[in-house]
Amino acid sequence: MKKVKIILAFFLATIFTGCLDDDDTIAFFYDAVAIEEVTIPDQFTRGETYEITVTYFRPSTCHSFSGFDYDGFGNERTVAVINVVINDHDTTCEDLEETDLIEESLTFFVGQEGSYIFRFWQGRDDQGNNQFLTIEVPVVEI
């Protein structure tokens, strides 16, 4: 009987807290932002770590850098910039009209591959297809 009371109390607490007015919460979502330029070495040395710098335009005052969407398969690396976008009813977002160029760096460790193919996401074309800046970087031995 005690278990039933505990379960009932938990159930009622869940219902009451689920119905609270949560107007103070901040809504947000994540948005991939097109990479404009990339600074990457012409070659890598195996076992070394490099900084790869990308630049992108911050679309609005509500966009902030969140990180990279980074995917590796074999010697291919796909990179996209991810922004968190505040979508709050109290916040007014202003378009920046490609005036706020942001620079971020990605740390990359060179493994055993003979070369790396980087695909940097640059948005979508008119048909909705992903567009990439593709750069191949050879790996050398010292």
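In the block above lies the structure referred to throughout.
Undergrad: Just checking my understanding: could you explain the overall build of the chain for this structure?
TA: In terms of regular secondary structure, the chain is built from one helix and nine strands. Ordered by position from N to C terminus, the α and β elements of the chain give α-β-β-β-β-β-β-β-β-β. Out of the 142 residues in the chain, the part that is buried amounts to 28%. Across the chain, every contact between residues at least 6 apart in sequence was considered, and the portion connecting residues at least 24 apart equals 65%. Only carbon and sulfur atoms are counted for the fraction: they give 52% of the accessible area of the chain, which is about 9800 Å².

Undergrad: Got a minute to help me understand the packing of aromatic side chains in this structure?
TA: The description of an aromatic ring pair uses the distance of the two centres, along with the angle that the planes make with each other. Applying the stated criterion to the full structure yields ten aromatic pairs. Relative to Tyr116, the ring of Phe44 has its centre 6.3 Å away and its plane inclined at 70°; by these criteria the two rings are edge-to-face. Residue Phe44 is located in strand 3 (residues 44–45), and its partner Tyr116 is located in strand 8 (residues 115–124); the two are separated by 72 residues in the primary sequence. The exposure class of Phe44 is buried, given its relative accessible area of 0%. On the basis of an interplanar angle of 75° and a centroid distance of 6.1 Å, the ring pair of Phe44 and Phe118 is categorised as edge-to-face. Taken together, the positions of Phe44 in strand 3 and Phe118 in strand 8 put the pair 74 residues apart, joining distant regions of the chain. Like Phe118, Phe44 is buried. Each member of the aromatic cluster is reached from another via a ring pair, and the members are Phe44, Tyr50, Phe108, Tyr116, Phe118 and Phe120.

Undergrad: What am I meant to see in the pairing of strand 6 (residues 76–86) here?
TA: In the case of a regular strand, side chains alternate between the two sheet surfaces. With respect to burial, strand 6 is a largely interior element, eight of its eleven residues being buried. As paired strands, strand 1 (residues 28–33) and strand 6 are joined by six bridges and run antiparallel to one another. Bridged to Val33 within strand 6 is Val81. Across ten bridges, the pairing between strand 5 (residues 63–73) and strand 6 is antiparallel. Across the sheet, residue Phe73 finds its bridge partner in strand 6, namely Glu76. Remark: two residues form the turn of the hairpin made by strand 5 and strand 6, two consecutive strands paired antiparallel; Gly74 in that turn has positive phi of roughly 65°. Bridge analysis of strand 6 against strand 8 gives four bridges, and the strand direction is parallel. Residue pairing across strands places Val79 opposite Phe120, the latter belonging to strand 8.

Undergrad: Explain the environment of Asn129 here, please?
TA: The residue Asn129 is located in the loop between strand 8 and strand 9 (130–140) in this model. Those residues within four positions of Asn129 in sequence are excluded, and the remaining contacts are Gly123 and Arg124.

Undergrad: Explain the sheet that holds strand 4 (residues 49–57) here, please?
TA: Sheet strands associate in pairs through backbone hydrogen bonding, adopting either a parallel or an antiparallel arrangement. Read across the sheet, three strands follow the order 2-4-7 without closing on themselves; strand pairing throughout is antiparallel. Sheet topology places strand 2 (35–39) and strand 7 (101–109) at the edges, where each strand pairs with a single neighbour. Each neighbouring strand pair of the sheet contributes to a mean axis angle of 25°, computed without reference to strand direction. Taken together, the nine bridges between strand 4 and strand 7 define a ladder with antiparallel strand orientation. The residue bridging Tyr50 from the neighbouring strand is Phe108, located in strand 7.

About the thresholds
Residues numbered from 1 in each chain as written. Predicted model: local features only at pLDDT ≥ 70, side-chain atom pairs only at ≥ 80, totals over all residues. Heavy atoms only, no water. Helix = DSSP H or I, 4+ residues; strand = E, 2+ residues; numbered from the N terminus. Buried < 20%, exposed > 50% of the residue type's maximum accessible area, 1.4 Å probe, protein only. Contact = heavy atoms within 4.5 Å. Areas by Shrake-Rupley, 256 points an atom, 1.4 Å probe, with all protein chains shown as cover. Phe/Tyr/Trp six-rings, centres within 6.5 Å; stacked < 30°, edge-to-face > 60°. Pairing = 2+ DSSP bridges. Axes fitted to C-alpha atoms, helices over the stretch in contact; angles between N-to-C directions.

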